[in-house]
Amino acid sequence: MFYIILWLIIQVNAQQWVMAQSAASRFVTAQDTRLVLDQHTFVVNGANYWQAMNLGMASGPSGNRARVLQDLSELSRAGINMVRILASSEGSQFGKQPDRMYPVLMTAPEQYDEDVFAGLDWILAQLPRFGIKATVSLNNYWTWSGGAAQYVSWATNSQIPYPKQWDHLRQAFTGGDYNEFLAYTNRFYADKSIYNMTQHWFRQHIRRVVHRINTVTHTRYCDDPTIMAWELMNEPQVIEGGESQMEQWINDSALLIQQLDPNHLITSGAESKNGREWHRIMHASPYISLASCHFWPLNWGYYNATDPTRASLDFSISKMHEFVKDNAQWASSLNKPTVLFEFGMMRDNWGEHSGLLGYSPDAPVTHRNAFYQAVYEAVAEMVQKQQFSGAAFWAYSGTARPPLKPTLQISWTGDPPHEPPGWNSVYDQDKQTLDIIRNFAVLSRQDPTTST
């Protein structure tokens, strides 16, 4: 009898071990400069879908679950296997603010709107049906979701000095001083007088999200393989003299997540646009397991959207090639995989589609398609060398369209509220663009010998 009981115990333990190994294999992991899923190289073919949490709400002004299911179905057909979404948005103590998403998740420090949280639960519950993972961002440098500046506003009880943003009634960019905004927002991780306060709130938010039990699946987020990675912040910025504070903040924040959740990858959310040393600052922490980069040719002055010739387009593509190669090299030197988590370009903005008509869904995408094709080819080349792990375009609008007349209502296109609706959106009607995205899976296909 003793040996029978012992045999049963061994069998149960073995079965539990197998089940644990099976569960572990469902998570995307990092092996040197590659991402791995189920013992095979995992290449990200991603879409930014920042509006998911609000669209996933059961009711209210932003909830639109029917649209989400249609969007996810189209993305799945386009070969998308990862969406980058927000698990953060913060409200102001001064009432509703301009060019921000509503309703917000965190209405005040450590106070949450459960209906918004349930929207995030629902989204994460739907993604496995479509074979899609999620990169989940825990904060935002920019104010369109509240972000780091709102933490500073809470701590100092002061108004945010907003930078230049899109005025939806005037139909033009208006607003304040960019450097003043940077100095204010960087106080989130650089001002010793409020650091303990802002970081207490942020770390409590990390705990709240990472250990949340999904009300649909009843699975803790930290145990959910639907999540590919946690992102500390969308596009953290560092000003001169603040490098050490930034590096420390990244290390401390990533360490906390790793302690709470050893299952998931952690990325900083950095653009990686300011050279090798800044890349090192954003990614050197041993708790950052996945490097991040973004490429924006118009925002960075490479591309002229009103030029119908290929001059600035070709220049943008050449700068993109440099950028991809640099980031591949920098990440490889840290022995970490890297993903181009954002890239985008507006529609043709010349001729009969000059001015505001360039934001119309009817505007052609001649230059955008050429740019997308070049990006995917460049990244695929690095994927073949095991120096890159994929790309995610910005951003998917799906069935949503810009409003036909000026309005303050959020349209929930792929463009956040501080930008003109339609600026960088990819619609469900953009079939050629979606074909280019779909073809990335073919371009980046790994030789079977590279699988582990």
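Residues numbered from 1 in each chain as written. Predicted model: local features only at pLDDT ≥ 70, side-chain atom pairs only at ≥ 80, totals over all residues. Heavy atoms only, no water.

Describing the overall build of the protein
Line of reasoning, step 1. When helices and strands are counted, the protein shows 13 helices and 17 strands.
Line of reasoning, step 2. Rg of the C-alpha trace for the protein: 22 Å, near the compact-globule value of 22 Å for 452 residues, within the 12% margin.
Line of reasoning, step 3. Counting only C-alpha atoms, the protein reaches 85 × 50 × 45 Å along its principal axes.
Line of reasoning, step 4. Sorting the 452 residues of the protein into buried and exposed places 57% on the buried side.
Line of reasoning, step 5. Counting only contacts in the protein whose residues sit at least 6 apart along the sequence, the fraction spanning at least 24 positions is 75%.
Line of reasoning, step 6. Total accessible area computed for the protein in this model is approximately 18,200 Å², and 53% of it derives from carbon and sulfur atoms.
Line of reasoning, step 7. Seen as two clouds, the 34 positive and the 42 negative side-chain charges of the protein have centres 3 Å apart. (Helix = DSSP H or I, 4+ residues; strand = E, 2+ residues; numbered from the N terminus. Rg over C-alpha atoms; globule rule 2.2 N^0.38 Å. Buried < 20%, exposed > 50% of the residue type's maximum accessible area, 1.4 Å probe, protein only. Contact = heavy atoms within 4.5 Å. Areas by Shrake-Rupley, 256 points an atom, 1.4 Å probe, with all protein chains shown as cover. Lys, Arg positive; Asp, Glu negative; His and termini not counted. Charge placed at Lys NZ, Arg CZ, Asp CG, Glu CD.)

What about the pattern of salt bridges?
Line of reasoning, step 1. Within the structure shown, the criterion is met by 19 salt bridges.
Line of reasoning, step 2. A salt bridge links arginine 187 to aspartate 191; its shortest N-O distance comes to 2.8 Å.
Line of reasoning, step 3. Classification of arginine 187 by relative accessible area gives partly exposed; the value is 27%.
Line of reasoning, step 4. Judged by its relative accessible area of 16%, aspartate 191 falls in the buried class.
Line of reasoning, step 5. Arginine 347 is paired through a salt bridge with aspartate 430; the nearest N and O atoms lie 2.9 Å apart. Separated by 83 residues along the polypeptide, arginine 347 in the loop between β14 (338-343) and α12 (366-384) and aspartate 430 in the loop between β17 (426-427) and α13 (431-443) bring together distant segments of the chain. Grouping residues by exposure puts arginine 347 and aspartate 430 together as buried.
Line of reasoning, step 6. Here the salt bridges share partners, and the residues they tie into one network are Glu74, Arg77 and Lys431. (Salt bridge = Lys/Arg side-chain N within 4 Å of Asp/Glu carboxyl O.)

Here we look at the pairing of strand β15 (residues 390-393)
Line of reasoning, step 1. On β15, burial covers both faces: Gly390 and Ala392 on one face and Ala391 and Phe393 on the other are all buried.
Line of reasoning, step 2. In this structure, strand β4 (residues 44-48) lies alongside β15, joined through 4 bridges in parallel fashion. Across the sheet, residue valine 44 finds its bridge partner in β15, namely glycine 390. (Pairing = 2+ DSSP bridges.)

So, the nonpolar core
Line of reasoning, step 1. Core analysis: the largest hydrophobic core is formed by 116 residues, its most contacted members being Trp249, Leu340, Phe371 and Phe393.
Line of reasoning, step 2. Here this core gets 10 residues from one element, more than from any other, and that element is α12.
Line of reasoning, step 3. Leaving out residues up to four positions away in the same chain, tryptophan 249 has contacts with Phe188, Tyr189, Tyr195, Gln199, Phe202, Leu232 and Met233.
Line of reasoning, step 4. Core analysis: the next-biggest nonpolar cluster, separate from the first, contains 13 residues, Val28, Val44, Met228 and Val339 among them. (Core = buried A, V, L, I, M, F, W, Y, C linked by side-chain atoms within 4.5 Å.)

Some details on the sheet that holds strand β2 (residues 34-37)
Line of reasoning, step 1. With respect to topology, 3 strands assemble into an open sheet ordered β1-β2-β3, the strand pairing being antiparallel. The open sheet terminates on both sides in strands that have one partner only, identified here as β1 (29-31) and β3 (40-41).
Line of reasoning, step 2. Where β2 lies against β3, 2 bridges are found, and the strand directions are antiparallel. In the strand pairing of β3, valine 36 is matched with threonine 41.

Remarks on the packing of helix α5 (residues 147-156) against helix α8 (residues 192-210)
A packed helix pair is summarised by two numbers, namely the angle formed by the two axes and the spacing between the axes.
Line of reasoning, step 1. At a minimum axis separation of 9 Å, α5 and α8 run at an interaxial angle of 125°. Judged by the angle between their axes, α5 and α8 are oblique. In this structure, α5 meets α8 at a crossing whose hand is right-handed. Within the contact between the two elements, α5 uses Tyr151, Val152, Trp154, Ala155 and Thr156 and α8 uses Ile194, Met197, Thr198, Trp201, Phe202 and His205. (Axes fitted to C-alpha atoms, helices over the stretch in contact; angles between N-to-C directions. Parallel < 35°, antiparallel > 145°, perpendicular 65-115°, else oblique. Left-handed = near helix turned anticlockwise from the far one by under 90°.)

Observations regarding the packing of aromatic side chains
Line of reasoning, step 1. According to the stated counting rule, one finds 35 aromatic pairs in the structure shown.
Line of reasoning, step 2. Centroid distance tryptophan 144 to tryptophan 394: 6.5 Å. Interplanar angle 75°. Geometry classified as edge-to-face. Here tryptophan 144 is found in the loop between β8 (133-137) and α5, whereas its partner tryptophan 394 is found in the loop between β15 and β16 (396-398), with 250 residues between them in sequence. Residues tryptophan 144 and tryptophan 394 agree in their burial class; the two are buried. (Phe/Tyr/Trp six-rings, centres within 6.5 Å; stacked < 30°, edge-to-face > 60°.)

Thoughts on helix α11 (residues 311-333)
Line of reasoning, step 1. Here α11 contains 23 residues, and its C-alpha end-to-end distance of 33 Å stays within 8% of the 33 Å for a straight helix at 1.5 Å per residue.
Line of reasoning, step 2. Residues of α11 that are buried include every one of Ser312, Leu313, Ser316, Ile317, Met320, Phe323, Val324, Asn327, Ala328, Trp330 and Ala331, and no others.
Line of reasoning, step 3. At its buried positions, α11 is contacted by α10 (276-283), β13 (291-295), β14 and α12.
Line of reasoning, step 4. One or two residues past the end of α11 sits asparagine 335, with phi positive at roughly 60°. (Expected span 1.5 Å × (residues − 1).)

Re the confidence of the model for the protein
When pLDDT is low, close inspection of the predicted coordinates is not appropriate.
Line of reasoning, step 1. Averaged over all residues, the pLDDT of the protein is 93; the fraction at 70 or higher stands at 93%.
Line of reasoning, step 2. Predicted confidence is poor over residues 1-24, with pLDDT under 50, and the contacts of this stretch with residues over four places away or in other chains come to 0 contacts.
Line of reasoning, step 3. Under a pLDDT of 50 for its full length, residues 447-452 has, in the predicted model, 11 contacts with residues more than four places off or in other chains. (pLDDT = per-residue confidence, 0-100.)

Some points on the packing of α5 against helix α6 (residues 178-185)
Line of reasoning, step 1. Running from amino to carboxyl end, α5 crosses α6 at an angle of 65°, the nearest separation of the two axes being 9 Å. By the angle between their directions, the pair α5 and α6 is classed as roughly perpendicular. Only Phe181, Tyr184 and Thr185 of α6 make contact with α5, whose side of the interface consists of Ala148, Ala149, Val152, Ser153 and Thr156.
Line of reasoning, step 2. Per-class residue counts for the contact of α5 with α6 are 5 nonpolar, 3 polar and no charged. (Nonpolar A, V, L, I, M, F, W, Y, C, P; charged D, E, K, R; others polar.)

A few points about unusual backbone geometry
Line of reasoning, step 1. Cis geometry is found at the peptide bond from tyrosine 102 to proline 103, where omega equals -5°.
Line of reasoning, step 2. Along the chain, proline 103 turns up in the loop between β5 (82-86) and β6 (106-108).
Line of reasoning, step 3. Cis geometry marks the peptide bond from tryptophan 394 to alanine 395, where omega comes out at -5°.
Line of reasoning, step 4. Along the chain, the position of alanine 395 falls in the loop between β15 and β16.
Line of reasoning, step 5. The phi torsion at glutamine 39 lies on the positive side, around 65°, for a residue other than glycine.
Line of reasoning, step 6. Along the chain, glutamine 39 turns up in the loop between β2 and β3.
Line of reasoning, step 7. What makes glutamine 39 exposed here is its relative accessible area of 56%.
Line of reasoning, step 8. Of note in the backbone geometry, aspartate 99 takes a positive phi value of approximately 55° without being a glycine.
Line of reasoning, step 9. One can find aspartate 99 in the loop between β5 and β6.
Line of reasoning, step 10. Given a relative accessible area of 14%, aspartate 99 falls into the buried group.

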